[in-house]
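Architecture at a glance
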Amino acid sequence: MLEFLGLDDVTLAAYRQWLRHPEMDVDGVATAVGQATGTVRRSRDRLVELSLLLPSTEHPGHLVAVHPEAGLEHLLQAQHESLIRRHERLVRARAQVSTFVSEYLDNRPGGDGAEVEHIDSADQARVELLALLGRAEKEVLTLHTRDGLVPALTTEVLPVELRALRRGVTMRSVLPRAVSADETGVGYVRTVASHGLEARLTDDPRIDATTVDGRIGLVQFAAPGTESLALIVRSPALANLVTQLFEQIWETAEPLAVEADGERENGSDDSPSDSERLLLRLLSLGVKDEAAARHLGVSVRTVRRMVADLMLRLDARSRFQAGTVAARRGWL
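Attention in this report is confined to the structure presented alongside it. (Residues numbered from 1 in each chain as written. Predicted model: local features only at pLDDT ≥ 70, side-chain atom pairs only at ≥ 80, totals over all residues. Heavy atoms only, no water.)

**Some points on the overall build of the chain**
Of regular secondary structure, the chain possesses 12 helices and 10 strands. Within the chain, the fraction of its 332 residues that count as buried is 39%. Summed over its atoms, the accessible surface of the chain is roughly 18900 Å², and 53% of this surface lies on carbon and sulfur atoms. (Helix = DSSP H or I, 4+ residues; strand = E, 2+ residues; numbered from the N terminus. Buried < 20%, exposed > 50% of the residue type's maximum accessible area, 1.4 Å probe, protein only. Areas by Shrake-Rupley, 256 points an atom, 1.4 Å probe, with all protein chains shown as cover.)

**Section: helix H12 (residues 319-328)**
Buried within H12 we find Ala322, Val325 and Ala326. Seen end-on, H12 carries its buried residues on one side only, within an arc spanning 100°. Across from the buried face of H12, at angles greater than 90 degrees, the exposed residues are Phe320 and Arg328. (Arc of directions from axis to C-beta.)

**Observations concerning the packing of helix H11 (residues 300-314) against H12**
Axes are the key here: two packed helices are described by the angle between their axes and the distance separating the axes. Between H11 and H12, the shortest axis-to-axis distance is 10 Å and the interhelical angle comes to 60°. Between H11 and H12, the crossing angle belongs to the class labelled oblique. The hand of the H11/H12 crossing is left-handed. Here Arg304, Val307, Met311 and Leu314 of H11 lie close against H12, whose contacting residues are Arg319, Ala322, Val325 and Ala326. Classifying every residue of the contact of H11 with H12 gives six nonpolar, no polar and two charged. (Axes fitted to C-alpha atoms, helices over the stretch in contact; angles between N-to-C directions. Parallel < 35°, antiparallel > 145°, perpendicular 65-115°, else oblique. Left-handed = near helix turned anticlockwise from the far one by under 90°. Contact = heavy atoms within 4.5 Å. Nonpolar A, V, L, I, M, F, W, Y, C, P; charged D, E, K, R; others polar.)

**Description of the pairing of strand S6 (residues 198-202)**
Pairing of strand S5 (residues 170-176) with S6, which is carried by five bridges, proceeds in the parallel orientation. Along S6, the bridge assignment pairs Leu175 with Leu201. By the bridge criterion, two bridges tie S6 to strand S10 (residues 254-255) in an arrangement that is antiparallel. Within S10, the position partnered with Leu201 by the bridge is Glu254. (Pairing = 2+ DSSP bridges.)

**A closer look at the packing of aromatic side chains**
Counting across every chain of the model gives one aromatic pair. Its guanidinium or amino end placed over the ring of Trp250, Arg172 lies 5.0 Å from that ring's centre, counting from NZ or CZ. (Phe/Tyr/Trp six-rings, centres within 6.5 Å; stacked < 30°, edge-to-face > 60°. Lys NZ or Arg CZ within 6 Å of the ring centre and 35° of its normal.)

**Quick look at the packing of helix H1 (residues 9-20) against helix H2 (residues 26-33)**
Where H1 contacts H2, the two axes come as close as 10 Å, and the packing angle between them is 120°. Taken as axis vectors, H1 and H2 run oblique relative to one another. Considering how the two elements wind past one another, H1 and H2 form a crossing that is right-handed. Across the interface between the two elements, Ala13, Ala14, Gln17 and Trp18 of H1 pack against Val26, Val29, Ala32 and Val33 of H2. Taken together, the residues that form the contact of H1 with H2 break down as seven nonpolar, one polar and no charged.

**A word on the pattern of salt bridges**
Working definition: two side chains of opposite charge can pair if their charged atoms are close together. Per the counting criterion, the structure on display carries five salt bridges. In this structure, the salt-bridge partner of Arg172 is Glu247, at a minimum N-O distance of 2.6 Å. Pair noted here: Arg172 is in strand S5 and Glu247 is in helix H8 (residues 236-252), with a separation of 75 residues, a long-range link. Notably, a salt bridge pairs Arg304 with Asp289, separated by 2.9 Å at the nearest N-O pair. Of this pair, Arg304 sits in helix H11 while Asp289 sits in helix H10 (residues 289-296), and the two are 15 residues apart along the sequence. Of the residues examined, Arg304 reaches a relative accessible area of 36% and is grouped as partly exposed. Looking at Asp289, the relative accessible area reads 5%, which means it is buried. (Salt bridge = Lys/Arg side-chain N within 4 Å of Asp/Glu carboxyl O.)

**What about the sheet that holds strand S3 (residues 116-119)?**
Read across the open sheet, the eight strands follow the order S3-S9-S8-S7-S4-S5-S6-S10; overall the sheet is mixed. The sheet terminates laterally at S3 and S10, the two strands that pair on one side only. As paired elements, strand S8 (residues 216-221) and strand S9 (residues 230-233) share four bridges and run antiparallel to each other. Within the sheet, the bridge partner assigned to Gln220 lies in S9 and is Ala230. Packing of helix H5 (residues 122-135) onto the sheet brings it into contact with S3, strand S4 (139-143), S5, strand S7 (207-212), S8 and S9, and relative to S8 it is tilted by some 150°.

**Remarks on a positive patch on the surface**
A contiguous patch of positive charge on the surface is contributed by Arg85, Arg86, Arg89 and Arg92. Inspection of the secondary structure puts Arg85 in helix H4 (residues 68-107). Its relative accessible area of 44% is what places Arg85 among the partly exposed residues. (Patch = residues over 30% accessible without salt bridge, like charges linked within 9 Å, V, L, I, M, F, W, Y side chains within 5 Å. Lys, Arg positive; Asp, Glu negative; His and termini not counted. Charge placed at Lys NZ, Arg CZ, Asp CG, Glu CD.)

**Notes on the nonpolar core**
Ranked by internal contacts, the top residues of the largest apolar core, which has 46 residues, are Met171, Leu279 and Val303. Met171 has contacts with Leu133, Val140, Glu161, Ala164, Leu165, Gly196, Leu197 and Glu198, leaving out every residue within four places of it along the chain. Core analysis: the second largest hydrophobic core is formed by 15 residues, Ala14, Val26, Ala30 and Leu53 among them. (Core = buried A, V, L, I, M, F, W, Y, C linked by side-chain atoms within 4.5 Å.)

Quick look at the structure:
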């Protein structure tokens, strides 16, 4: 709970020992907390750095633990001030983003006024798709039905979809049948499904279509030789036609056999999902929760929930022990 203050489990345990037994030296604390002397020495240095341990004036060479109410309040205040500064930077950044969006819309060919805009660039179609997902507020319906799209889904679309799901956006997707036979595709499905996206499988209807909030859509064509690679539909009436097409394909599509957490949903296998394996690898490299969250495209709270679940399944009392047991089981 206090990691965000710079206190890991060992350092916190050592601090407790010095609070209760100020006469203890490093060796005594190491024995009491069951850690190596070098580890506790680093914890001691960290506590001194955080002003939670002070040199004793009465007993040279000994340390005095600062009262928790004073010492930890100091750290909380520092974190609070840091959060205020970060919030101020976030507000300024959001204003700058709004400026960029306005400039982009003003200078884009066709502008937002046209009900249907033709796009003849694959790169521009990708940009428009990501922008649509990024602006979603209520619902996203997507046909991702062409083979060969899995790499783009995992590297480009996945992070944006996860952010939308965390905002509470409802999402349904129809995916190509081949995705269930592709390891990367299965990993993508497990990740988005675990965050609330509903998915089904179908054969190739030769278009990709995405509608956002029932009022704007992007239709991409697979067949070569068309006048444009994609159409942006801004008319609610036309977007409704794309929505009806999605609903027709959704009704006949095959429910996805791969569950959000894979075989573990059936209780027959306790092996980790692809996202959990990636998290274990990141943690084994010493990556912090915040960085791991960015890699996985999830919140820090989700990362910590995943870690807690992994520790429970591995019967581990610490992250270090979890990594050791996971490696022994072949999870890494």
